[in-house]
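Working through the structure, step by step
Take a look at the letters that make up each chain.
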Amino acid sequence: STTSTSKNRGLLILLEGLDRAGKTTQCQMLCNSLNEANGPGSCRVQKVPDRTTQIGQMINSYLASKTTLPDQSIHLLFSANRWELRQTILDSIYSGQTVILDRYVPSGVAYSLAKGVADMPIDWCIAPERGLPRPDITLFLDIEPEHANIQSTREDFGQERYEVSEFQVRVRACFKEILGDGEKNSGVLDMGKVITIDACKDIKTVAADIWQAVQSQDVESSEIATIT
Ligand code: DGP
Ligand code: NA
Ligand code: NA
């Protein structure tokens, strides 16, 4: 089983990718499939950033361009938002529930790095993420930025701060630097087993590819790893 392992913990599964890659739809489809296979409530989706907390509301306001903040400040707020989620993620996993993350640390590093701010080198960007739970599997939903709208179920693309094509091209390059090419440890960050999914395919094919990738993954340790 992919959710309740022989080690009796759930999996931490991350879906990453550019805006409009179809992450939210695919997170829900994967979660539904896992709940069907392993029982209702055996899996849940956690959206990151979680915009419901006070820090999340500051992030939401920044993304809507209702407030401005120094690049360093917003970077640290996104990270703080993930730290707010840490304990509930760990509680879920050690109670046997699989957690699917809709974005996480790679977004945190890639979106800041893509800004090209001189005093925010990659080590600076990664530093506040160290110690957070490390995903067992990271699925990178890869799209060509110019094809993004084909997959989009969102009518409102372009409303938020980062939803600009030239910026998305740079974010994609940063994701690849961070996550690598799928070979172990080829990326700058250890995000567990990294699998690139061609997310330009139709929704059902992408869902099937994700399902197959998750099925072939076993938990290697009873303890969840941390990001180093
Ligand atoms: P989403 O709610 O998934 O649409 O994400 C909102 C936007 O914020 C999206 O353009 C990606 C970006 N984003 C997500 N996480 C982070 C982060 O940790 N840092 C930065 N700078 N941007 C992020
Ligand atoms: Na977005
Ligand atoms: Na995030």
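Report follows, based on the coordinates. (Residues numbered from 1 in each chain as written. Chains lettered and ligands numbered in written order. Predicted model: local features only at pLDDT ≥ 70, side-chain atom pairs only at ≥ 80, totals over all residues. Heavy atoms only, no water.)

Re the site of ligand 1
Near ligand 1, the surroundings consist of 15 residues, among which Lys47, Arg51, Arg82, Arg103 and Gly108 are the closest. In the model, an oxygen atom of ligand 1 is placed 2.7 Å from a nitrogen or oxygen of the Lys47 side chain. Between ligand 1 and Arg82, the relevant distance is 2.7 Å, taken from an oxygen atom to a side-chain nitrogen or oxygen of the residue. Against a free-state accessible area of 500 Å², the protein chains account for coverage of 96% of ligand 1. Sorting the residues of the shell around ligand 1 by element identifies α3 (71-94) and α4 (105-113) as the ones contributing at least two each. If you tally residues by element for the shell around ligand 1, the top one is α4, at four residues. When its residues are assigned to classes, the shell around ligand 1 shows five nonpolar, three polar and seven charged. (Near = heavy atom within 4 Å. Polar contact = N/O pair within 3.5 Å; in protein donor to acceptor, adjacent residues only side chain to side chain. Areas by Shrake-Rupley, 256 points an atom, 1.4 Å probe, with all protein chains shown as cover. Helix = DSSP H or I, 4+ residues; strand = E, 2+ residues; numbered from the N terminus. Nonpolar A, V, L, I, M, F, W, Y, C, P; charged D, E, K, R; others polar.)

A few points about the pairing of strand β3 (residues 98-102)
Where burial is concerned, most of β3 is hidden: five out of the five residues are buried. Both faces of β3 are covered, namely the face carrying Thr98, Ile100 and Asp102 and the face carrying Val99 and Leu101. As paired elements, strand β1 (residues 12-17) and β3 share four bridges and run parallel to each other. In the sheet register, Leu12 faces β3, and the bridge partner there is Val99. Bridge count between strand β2 (residues 43-47) and β3: five bridges; the pairing is parallel. The partner of Lys47 across the bridge, within β3, is Asp102. (Buried < 20%, exposed > 50% of the residue type's maximum accessible area, 1.4 Å probe, protein only. Pairing = 2+ DSSP bridges.)

Re the packing of aromatic side chains
Summed over all chains, the structure comprises six aromatic pairs. Positioned above the aromatic ring of Tyr62, the side-chain terminus of Arg161 is 3.7 Å from the ring centre. (Phe/Tyr/Trp six-rings, centres within 6.5 Å; stacked < 30°, edge-to-face > 60°. Lys NZ or Arg CZ within 6 Å of the ring centre and 35° of its normal.)

Regarding the sheet that holds strand β5 (residues 193-198)
Here five strands make up an open sheet; going across it, the order is β2-β3-β1-β4-β5 and the pairing parallel. Each end of this open sheet is capped by a strand with a single partner; those strands are β2 and β5. Neighbouring strand axes in the sheet, compared pairwise and without regard to direction, differ in orientation by 20° on average. Examined bridge by bridge, strand β4 (residues 137-142) and β5 share six bridges and lie parallel to one another. Paired with Asp142 across the bridge in β5 is Asp198. Contacts from α3 reach β1, β2 and β3, with the element oriented near 170° to β2. (Axes fitted to C-alpha atoms, helices over the stretch in contact; angles between N-to-C directions. Contact = heavy atoms within 4.5 Å.)

Here's the deal with the coordination of the sodium ion (ligand 2)
The sodium ion (ligand 2) binds to the protein through Asp19 (OD) and Glu163 (OE), with metal-donor distances spanning 2.2 to 2.9 Å. Taken as a pair, Asp19 in the loop between β1 and α1 (23-38) and Glu163 in the loop between α6 (148-151) and α7 (165-179) lie far apart in primary sequence, 144 residues in all. For the pair formed by Asp19 and Glu163, the shared burial category is buried. (Donors = N, O, S within 2.8 Å, 3.2 Å for Na, K, Ca; no water.)

Remarks on the environment of Pro70
Mapped onto the fold, Pro70 is located in the loop between α2 (54-63) and α3. Linking Pro70 and Asp181, residues 111 residues apart in sequence, is a C-alpha distance of 32 Å.

Structural notes on unusual backbone geometry
The residue after Val48, namely Pro49, is reached through a cis peptide bond having omega 5°. On the secondary structure map, Pro49 appears in the loop between β2 and α2. Its identity is not glycine, yet Ser65 carries a phi of approximately 60°, on the positive side. Within the secondary structure, Ser65 is located in the loop between α2 and α3. Unusually for a residue other than glycine, Arg103 sits at a positive phi of about 80°.

A few points about the nonpolar core
The nonpolar side chains of soluble globular proteins are, as a tendency, buried together. Ranked by internal contacts, the top residues of the largest apolar core, which has 64 residues, are Ile13, Leu15, Ile100, Val109, Leu139 and Ile210. Look past the residues within four positions of Ile210 in its chain and what remains in contact with it is Leu15, Gln26, Leu30, Leu139, Leu141 and Ile197. (Core = buried A, V, L, I, M, F, W, Y, C linked by side-chain atoms within 4.5 Å.)

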